[in-house]
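# Descriptive analysis of the structure
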Amino acid sequence: MYQAPRGTRDFTPEEMQKRQYVEENIRSTFQSFGYQEIQTPTFENLKLFTAKSGETIIDEIYSFTDKGGRDLALRPELTAPVIRFYVDKLQMRPKPLKLFYFGNCYRYDRPQKGRYREFRQAGCEIIGVDTPEAYAELIALSYTILEKLGLKNIQLNIGNLRILDCLFKKYKLTKKQQKYITPLIDKSQYTDLQDALKDFNLSDKNSKEFIEALQLSNINKLQGYIEINGNIEKEISKQKQIMNLLRDSFDIKNYHFKLGIVRGLDYYTDIVFEIEAPELGAEKQLCGGGGYELIRLFGGKETPTAGFAIGFDRTILALETEGYIFPTSRLDAYVIPVNKEMISKSLQIAQQLRKQGCIIDVDLMRRGIGKSLKYANSRNSKKAIIVGPDELKQNSVTIRDMETGEQKLVEIKNILEYIK
Ligand code: AMP
């Protein structure tokens, strides 16, 4: 017996129904904010990802050499491909350019609940604007997507890497030291962080203050921890404007300022944000995003960029954990020919109804009525249309309501009224 590769999954029709619902819902929210959908290839030149993240990324991704000797990689994320596409073909488009996408991503991760080697992301990039209102709208979009899907228990945290950098500078942490402690900050591992800061010769008092600053949720208390002047004053004011717009214009009140949001330091530049579903435990992060700089690296003309990615699979897990009832798509009717002579007419009736927008299946196995009704039931069909010779003589069929068992003789030309 063959099995799907480690970290990949097969999806049943029922699971695909949920995934389709989620995808369509997300698509319509993106569109309602003026975003346009794009698509990029599943594999890219490996260089695209090493240019962005360094050679060490090779350990974390699926890379291979094709028969022509090209070094390629299955995409581990979509921001680099989208910016490559932008630099190559979309730079001349009017700004801001608002793009969204869905795509499977591949990472050589250690699989566990909510962490797979093949997973799906929904994401977007906004190119050419970095006003506070642009950031507020971007963050509001991510939150609105999850809220509109029906999630109740989500938490939005917003940080700022320029302000965090100020804190790093205050304690004279080198780039290498910053890189070392970033994952500890990201995972809120404060005991390990304290040990690391001690190794970096920070006094107990300083390391306590450093960790307190990371956990601050009130931006107005920052002045107790960092010196506020010049550019940083502007950055804090921008951060406050974004948060005020979220509250006053987008009616999103459930957010926290959190300096300890780091994401990848090399790539994000200023505002960073995350949305988590606390009920999911270890893999609770549903969405991550912020402002970043990649265009220049890929040879394009510098312009502001920001975006986010939502983990499609974790979003579904979060909805399931909250007991969300997904809408199910049902058959409107199952058409049953009572004998071989009725097959042609049955197929014709099914096809006519499909053309009129109904979801119709028809018996293709020449089974008796009893078995066919059982099958219709298992497919959750609302109605059964029984096509028999006596009824046909009167240009009619029998329509059975699968819930009540009630049956009615209905003229063929009137079927639609009875099943819609
Ligand atoms: P990232 O590109 O790492 O910022 O991830 C964006 C989102 O994708 C995360 O918030 C997760 O919801 C989701 N995600 C990342 N890695 C995985 C994975 N291995 N399996 C499932 N979802 C993932």
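Everything below is about the structure printed above this text.
Keep in mind it's a predicted model, so treat the numbers as computed, not measured. (Residues numbered from 1 in each chain as written. Predicted model: local features only at pLDDT ≥ 70, side-chain atom pairs only at ≥ 80, totals over all residues. Heavy atoms only, no water.)

### Remarks on the overall build of the protein
- Broken down by element type, the protein carries 14 helices and 16 strands.
- For the protein, the C-alpha radius of gyration of 28 Å lies well beyond 22 Å, the compact-globule estimate for 420 residues.
- Over its C-alpha atoms, taken along the principal directions, the protein stretches across nearly 95 × 55 × 45 Å.
- Counting across all 420 residues of the protein, residues that qualify as buried make up 48%. (Helix = DSSP H or I, 4+ residues; strand = E, 2+ residues; numbered from the N terminus. Rg over C-alpha atoms; globule rule 2.2 N^0.38 Å. Buried < 20%, exposed > 50% of the residue type's maximum accessible area, 1.4 Å probe, protein only.)

### Regarding the sheet that holds strand β14 (residues 383-387)
- With mixed pairing, five strands are arranged side by side in an open sheet as β13-β12-β14-β15-β16. Each having just a single partner strand, β13 (360-362) and β16 (407-411) make up the two edges of the open sheet. The mean angle between the axes of side-by-side strands here comes to 25°, regardless of whether they run parallel or antiparallel.
- By the bridge criterion, four bridges tie β14 to strand β15 (residues 396-401) in an arrangement that is antiparallel. (Pairing = 2+ DSSP bridges. Axes fitted to C-alpha atoms, helices over the stretch in contact; angles between N-to-C directions.)

### Focus on the layout of surface pockets
- By volume, the second largest pocket is sized at about 330 Å³.
- The wall of the second largest pocket is formed by 14 residues, among which E14, Q17, S329, R379 and N380 lie closest to the centre.
- Looking at the lining of the second largest pocket, its residues break down into five nonpolar, five polar and four charged.
- Domain assignment of the residues forming the lining of the second largest pocket places at least three in each of domain 1 (13-321) and domain 2 (333-419). (1 Å grid on protein atoms, 1.4 Å probe; cavity = no way out; pocket = protein on both sides within 12 Å on 5 of 7 lines; lining within 4 Å. Points joined across faces, edges and corners; volume = space filled by probe spheres on them. Nonpolar A, V, L, I, M, F, W, Y, C, P; charged D, E, K, R; others polar. Domains from an automatic or database assignment.)

### Regarding the site of the ligand
- In the vicinity of the ligand there are 14 residues, among which R107, D109, Y116, R263 and Q285 approach most closely.
- The separation between an oxygen atom of the ligand and a polar side-chain atom of R107 is 2.8 Å.
- Within the side chain of D109, one N or O atom sits 3.0 Å away from a nitrogen atom of the ligand.
- Taken together, the elements giving at least two residues each to the shell around the ligand come down to β6 (118-127), β10 (285-292) and β11 (305-311).
- The dominant element in the shell around the ligand, judged by the number of residues it contributes, is β10, at three residues.
- Per-class residue counts for the shell around the ligand are five nonpolar, four polar and five charged. (Near = heavy atom within 4 Å. Polar contact = N/O pair within 3.5 Å; in protein donor to acceptor, adjacent residues only side chain to side chain.)

### A short note on the side chain of T305
- Take T305: it is sitting in strand β11.
- Only 2.6 Å separates the side chain of T305 from the backbone oxygen of Y292, close enough to count as a polar contact.

### Quick word on the pairing of β11
- The element β11 is extensively covered by neighbouring structure, given that seven of its seven residues are classed as buried.
- Alternating residues of β11 divide into T305, G307, A309 and G311 and A306, F308 and I310, and every residue in both groups is buried.
- Inspection of the sheet shows β6 paired to β11 by seven bridges, in the antiparallel sense. Bridge pairing in β11 places A122 opposite I310.

### A look at the environment of E406
- Positionally, E406 belongs in the loop between β15 and β16.
- Along the sequence, E406 and K383 sit 23 residues apart, while their C-alpha atoms lie 9.9 Å from each other.
- Here E406 is in contact with I399, R400 and D401, once residues within four sequence places are set aside. (Contact = heavy atoms within 4.5 Å.)

### Quick notes on the environment of E23
- As for its position among the elements, E23 is in helix α1 (residues 13-32).
- Each C-alpha atom of the pair E23 and F312 lies 8.2 Å from the other, and the pair is 289 residues apart in sequence.
- If we ignore the near neighbours within four places in the chain, the residues touching E23 are F102, R120 and F312.

### Some remarks on a nonpolar patch on the surface
- Residues L347, L364 and M365 make up a contiguous nonpolar surface patch of about 340 Å² in total accessible area.
- For M365, the position within the fold is in the loop between β13 and α12 (369-378). (Patch = residues over 30% accessible without salt bridge, like charges linked within 9 Å, V, L, I, M, F, W, Y side chains within 5 Å. Areas by Shrake-Rupley, 256 points an atom, 1.4 Å probe, with all protein chains shown as cover. Salt bridge = Lys/Arg side-chain N within 4 Å of Asp/Glu carboxyl O.)

### Points about α12
- Turning to α12, its buried residues are S372, L373 and A376. Along α12, the residues classed as buried sweep out an arc of 100° about the axis, all on the same side. With respect to the buried face of α12, the exposed residues turned more than 90 degrees away are G370, K371, K374 and S378.
- Elements in contact with the buried residues of α12: β12 (333-337), β14 and β15.
- Just downstream of α12 lies N380, where phi reads positive at about 60°. (Arc of directions from axis to C-beta.)

### Observations concerning the packing of aromatic side chains
- Under the counting rule described, the total for this entry stands at 18 aromatic pairs.
- Between F273 and F308 the ring centres are 6.2 Å apart and the planes differ by 70°, which places this aromatic pair in the edge-to-face class. You can see F273 sitting in strand β9 (residues 268-276) and its partner F308 sitting in strand β11, a full 35 residues away along the chain. Both residues of the pair, F273 and F308, belong to the buried class.
- Arranged with centres 5.4 Å apart and planes meeting at 55°, the rings of Y334 and Y375 form a pair that is tilted. A residue pair is termed long-range when its members are at least 10 positions apart, and Y334 in strand β12 and Y375 in helix α12 qualify at 41 residues.
- Under the relative-accessibility criterion, Y334 is labelled buried at 2%.
- Classification of Y375 as partly exposed rests on a relative accessible area of 29%.
- Of note, K52 hangs over the ring of Y267, and the distance from its end group to the ring centre comes to 4.3 Å.
- Here R120 stacks its cationic end above the ring of F312, 5.8 Å away from the centre of that ring. (Phe/Tyr/Trp six-rings, centres within 6.5 Å; stacked < 30°, edge-to-face > 60°. Lys NZ or Arg CZ within 6 Å of the ring centre and 35° of its normal.)

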